[in-house]
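Breakdown of the fold
Residues per chain are reported as follows:
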Amino acid sequence: MDTPTPQRATERSSLMNIGRRVDYAVRALTYLAAQAQDRVVPRREIQTQQDIPAHFLSKIMKQLAGGGLVESSMGARGGFRLKKPASEISVRAVYECLEGPLLLMECLVEDGKACCYHRICNQISVWGEAQRLLGSYLGGVSIGQIAHKLGLREELAHQEQARYREDARYQSVEPSL
């Protein structure tokens, strides 16, 4: 009797990996979410304020536009803005726009063709529940909730300045004996 050989249905890793593309997409969208709704934000501004490499940003914004999450405008005053309210764009939607359906394990694919042990697996309920919980959580966090008004670079600079001022204040106070 031949033992079935496990099959790989996709090129994805077994466990979900949040890569740079998703991180950069969330960075870009959270910056757009913090801007005036009708403002078209230049690509260069997003790139600079959120510290996203230009080659990544162009590709990511094209995918986000194709997925209906942003609108792009061409020309000298071109750039991007959100296509719908930030409160209606979930982190899960961003992930799935770039990576496809949220999938922790290949065996959780609906048709069960990813693994020959699908019918008898003791783990599938554990991974299925983990995927459900993660999907629900990411679906419940909107881009608007985590929006960055200043951008990551500027926010970090403000924090470092505040820390420097605080340190300087403590150093200038001499203990009295």
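It should be noted that the structure appears before, not after, this text.
Predicted model only: the values in this text are computed from it and were never measured. (Residues numbered from 1 in each chain as written. Predicted model: local features only at pLDDT ≥ 70, side-chain atom pairs only at ≥ 80, totals over all residues. Heavy atoms only, no water.)

A few points about helix H4 (residues 91-99)
If you check which residues of H4 are buried, you get Val91, Val94, Tyr95 and Leu98. End-on, the buried residues of H4 take up no more than an arc of 100 degrees, which puts them together on one face. For H4, the elements touching its buried residues are helix H1 (20-33), helix H3 (54-66) and helix H5 (124-140). Within two residues after H4, Gly100 carries a phi angle of roughly 90 degrees, on the positive side. (Buried < 20%, exposed > 50% of the residue type's maximum accessible area, 1.4 Å probe, protein only. Helix = DSSP H or I, 4+ residues; strand = E, 2+ residues; numbered from the N terminus. Arc of directions from axis to C-beta. Contact = heavy atoms within 4.5 Å.)

Comments concerning the environment of Ala147
Within the fold, Ala147 resides in the loop between H5 and helix H6 (152-172). Residue class for Ala147 comes out partly exposed when judged on its relative accessible area of 33%. Placed 117 residues apart in sequence, Ala147 and Thr30 show a C-alpha to C-alpha distance of 4.1 Å. Ignoring anything within four residues of it in the chain, the contact list for Ala147 reads Thr30, Ala33 and Ala34.

Focus on the packing of H1 against H3
Remark: H1 packs on H3, axes separated minimally by 10 Å, with the N-to-C direction vectors making an angle of 75 degrees. As summarised for this structure, H1 and H3 are arranged roughly perpendicular, according to the angle between their axes. Judged by residue contacts, Arg20, Arg21, Tyr24, Ala25, Ala28, Leu29 and Leu32 of H1 engage Phe56, Leu57, Ile60, Met61, Gln63 and Leu64 from H3. Broken down by class, the residue content of the contact of H1 with H3 amounts to 10 nonpolar, 1 polar and 2 charged. (Axes fitted to C-alpha atoms, helices over the stretch in contact; angles between N-to-C directions. Parallel < 35°, antiparallel > 145°, perpendicular 65-115°, else oblique. Nonpolar A, V, L, I, M, F, W, Y, C, P; charged D, E, K, R; others polar.)

Observations regarding the pairing of strand S1 (residues 70-73)
For S1 and strand S2 (residues 79-82), the ladder comprises 4 bridges, and the chain directions are antiparallel. Within the sheet, the bridge partner assigned to Ser73 lies in S2 and is Gly79. Once S1 ends, the chain turns through 5 residues before running back antiparallel as S2, passing Gly75 with a positive phi of about 100 degrees. (Pairing = 2+ DSSP bridges.)

Quick notes on the nonpolar core
Counting residues in each nonpolar core, the largest one holds 30 residues, and the members touching the most others are Leu29, Leu32, Ile46, Met61, Leu64, Val70 and Val94. Secondary structure elements with two or more residues in this core: H1, H3, S2 and H4. Here this core gets 8 residues from one element, more than from any other, and that element is H1. Residue contacts for Leu64: discarding those within four places in its chain leaves Ala25, Leu29, Leu69, Val70, Val94 and Cys97. Within the second largest apolar cluster, 6 residues are counted, among which are Leu103, Leu104, Cys107 and Ile124. (Core = buried A, V, L, I, M, F, W, Y, C linked by side-chain atoms within 4.5 Å.)

Overview of the packing of aromatic side chains
As enumerated under the stated definition, the model contains 1 aromatic pair in all. Judged by centre distance (5.1 Å) and plane angle (65 degrees), the rings of Tyr24 and Phe56 are edge-to-face. You can see Tyr24 sitting in helix H1 and its partner Phe56 sitting in helix H3, a full 32 residues away along the chain. For Tyr24, a relative accessible area of 9% puts it in the buried group. Given a relative accessible area of 18%, Phe56 falls into the buried group. (Phe/Tyr/Trp six-rings, centres within 6.5 Å; stacked < 30°, edge-to-face > 60°.)

As for the side chain of Gln47
Counting through the fold element by element, Gln47 comes out in helix H2 (residues 43-50). In this structure the side chain of Gln47 is engaged in a polar contact, spanning 2.6 Å, whose partner is the side chain of Arg43. Residues contacting Gln47, with those up to four places away along its chain left out, are Ile52, Ala54 and Leu57. (Polar contact = N/O pair within 3.5 Å; in protein donor to acceptor, adjacent residues only side chain to side chain.)

Brief notes about the side chain of Thr30
Structurally, the position occupied by Thr30 is in helix H1. Residue class for Thr30 comes out buried when judged on its relative accessible area of 3%. Residue contacts for Thr30: discarding those within four places in its chain leaves Gln50, Ile143, Ile146, Ala147 and His148.

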